[in-house]
Amino acid sequence: MLYAASEPNLTTIGCIPYRPATFRATRWRTRLFDTKAIALQRTGTLGTFASSLGQEAIGVGIASAMRAEDVLLPSYRDHGAQFLRGVTMVECLLYWSGDERGSDFSGPRWDFPNCIPIGNQVCHAVGVAYAFRLRREARVAICIIGDGGTSKGDFLRGHEHGGRLAGAGGLRDQ
Ligand SMILES: Cc1ncc(C[n+]2csc(CCOP(=O)(O)OP(=O)(O)O)c2C)c(N)n1
């Protein structure tokens, strides 16, 4: 779902060009990373980890429609989107090991860290979109949420406020 003052024209707002090879490679990298991370977690090396097995294309697809200056507000299974936007695997592993330096991304400096509380990222995304609007910046805030999150108050309030704001914000229910 995209909140926009007018119907967005994806060719004119300058999305990252769709490159099938990069898209496929990032999907596979995400799948391989996932397999390895789960193995590390099961053997006690990694504290915890939220698998994105089978839904890699969602994150990668969303990120491939974003521009570098847009802002991603990920949930805990959005590694594919983060990798395509330039978050490194080392940062991801640091984060899941409990080291917050993993959220200090060397690539997309303005992207948000993983949102663990279900639904909070929707309100954050609306706030970011509101800031863009006040600053008159042509940027988009995108958050991703699971099915269960859509029954949370934060989702409903964020959704309502985002709709009223009709600013530049996006919400993807995976
Ligand atoms: C506010 C809040 N309540 C409960 C939890 C515990 N919790 C972690 S994952 C999860 C299920 C979320 O399901 P869904 O939104 O469908 O996303 P999925 O994990 O299936 O991608 C819950 C309830 C949480 N993280 N945050």
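Cut-off values and rules
Residues numbered from 1 in each chain as written. Predicted model: local features only at pLDDT ≥ 70, side-chain atom pairs only at ≥ 80, totals over all residues. Heavy atoms only, no water. Helix = DSSP H or I, 4+ residues; strand = E, 2+ residues; numbered from the N terminus. Contact = heavy atoms within 4.5 Å. Areas by Shrake-Rupley, 256 points an atom, 1.4 Å probe, with all protein chains shown as cover. 1 Å grid on protein atoms, 1.4 Å probe; cavity = no way out; pocket = protein on both sides within 12 Å on 5 of 7 lines; lining within 4 Å. Points joined across faces, edges and corners; volume = space filled by probe spheres on them. Nonpolar A, V, L, I, M, F, W, Y, C, P; charged D, E, K, R; others polar. Phe/Tyr/Trp six-rings, centres within 6.5 Å; stacked < 30°, edge-to-face > 60°. Buried < 20%, exposed > 50% of the residue type's maximum accessible area, 1.4 Å probe, protein only. Near = heavy atom within 4 Å. Polar contact = N/O pair within 3.5 Å; in protein donor to acceptor, adjacent residues only side chain to side chain. pLDDT = per-residue confidence, 0-100.

### Regarding the overall build of the protein
Right, on to step 1. From N to C terminus, the protein includes six helices and four strands.
Right, on to step 2. Listed by position from the N terminus, the elements making up the protein come as β-α-α-β-α-α-α-β-α-β.
Right, on to step 3. Within the protein, contacts between residues separated by at least 24 positions form 67% of all contacts whose residues are at least 6 apart in sequence.
Right, on to step 4. As presented, the protein carries roughly 9,100 Å² of accessible surface, and 58% of it is formed by carbon and sulfur atoms.

### A short note on empty space enclosed by the protein
Right, on to step 1. Following the criterion strictly, the structure yields two cavities of 30 Å³ or more and no others.
Right, on to step 2. Taken together, Gln82, Val87, Glu91, Cys92, Tyr95, Gly102, Ser103, Phe105, Pro113 and Asn114 make up the lining of the second largest cavity.
Right, on to step 3. Considering every element that reaches the lining of the second largest cavity, the biggest residue donor is helix 4 (residues 89-96), with three residues.
Right, on to step 4. Here the lining of the second largest cavity is composed, by residue class, of five nonpolar, four polar and one charged.

### Section: the packing of aromatic side chains
Right, on to step 1. In the structure shown here, the tally under the stated rule is four aromatic pairs.
Right, on to step 2. Plain terms: the ring middles of Phe33 and Phe49 are 5.9 Å apart, the flat faces sit at 65° to each other, and that makes the pair edge-to-face. Here Phe49 lies in the loop between helix 1 (20-42) and helix 2 (56-64) and Phe33 lies in helix 1, a separation of 16 residues in the sequence.
Right, on to step 3. With a centroid separation of 5.0 Å and 80° between ring planes, the pair formed by Phe33 and Phe83 is classed as edge-to-face. Of this pair, Phe33 sits in helix 1 while Phe83 sits in helix 3 (residues 79-85), and the two are 50 residues apart along the sequence.
Right, on to step 4. Residue Phe33 is classed as buried on the basis of its relative accessible area, which comes to 6%.
Right, on to step 5. Classification of Phe83 by relative accessible area gives buried; the value is 5%.

### Observations concerning the site of the ligand
Right, on to step 1. Close to the ligand lie 11 residues; Tyr76, Arg77, Ile118, Gly148 and Gly149 are nearest.
Right, on to step 2. In this structure, an oxygen atom belonging to the ligand sits 2.8 Å away from a side-chain N or O atom of Arg77.
Right, on to step 3. Summarising the interface, the protein chains cover 52% of the accessible area of the ligand, which totals 580 Å² for the free molecule.
Right, on to step 4. Counted by class, the shell around the ligand contains four nonpolar, four polar and three charged residues.

### Observations regarding the environment of Ala37
Right, on to step 1. Inspection of the secondary structure assignment puts Ala37 in helix 1.
Right, on to step 2. Excluding anything up to four places from it in sequence, Ala37 contacts Leu46 and Phe49.

### Re the environment of Gly98
Right, on to step 1. With respect to the helices and strands, Gly98 occurs in the loop between helix 4 and helix 5 (120-134).
Right, on to step 2. Here Gly98 falls in the exposed class, since its relative accessible area comes to 67%.
Right, on to step 3. The spacing of Gly98 and Thr48 is 50 residues in sequence and 8.6 Å in space, taken between C-alpha atoms.

### Considering the environment of Ile38
Right, on to step 1. Along the chain, the position of Ile38 falls in helix 1.
Right, on to step 2. When the C-alpha atoms of Ile38 and Thr48 are compared, they prove to be 8.6 Å apart, with 10 residues separating the residues in sequence.
Right, on to step 3. Setting aside its immediate chain neighbours within four residues, Ile38 contacts Phe49 and Ser51.

### Description of the confidence of the model for the protein
Right, on to step 1. On average, residues of the protein carry a pLDDT of 87, and 84% of them reach 70 or more.
Right, on to step 2. With pLDDT under 50 throughout, residues 1-14 is counted as low confidence; its partners more than four residues away or in other chains account for 22 contacts.

### A closer look at the side chain of Gln121
Right, on to step 1. Tracing the backbone shows Gln121 in helix 5.
Right, on to step 2. When residues no more than four places from it in sequence are discounted, the contact partners of Gln121 are Leu73, Ser75, Cys115, Cys143, Ile144 and Ile145.

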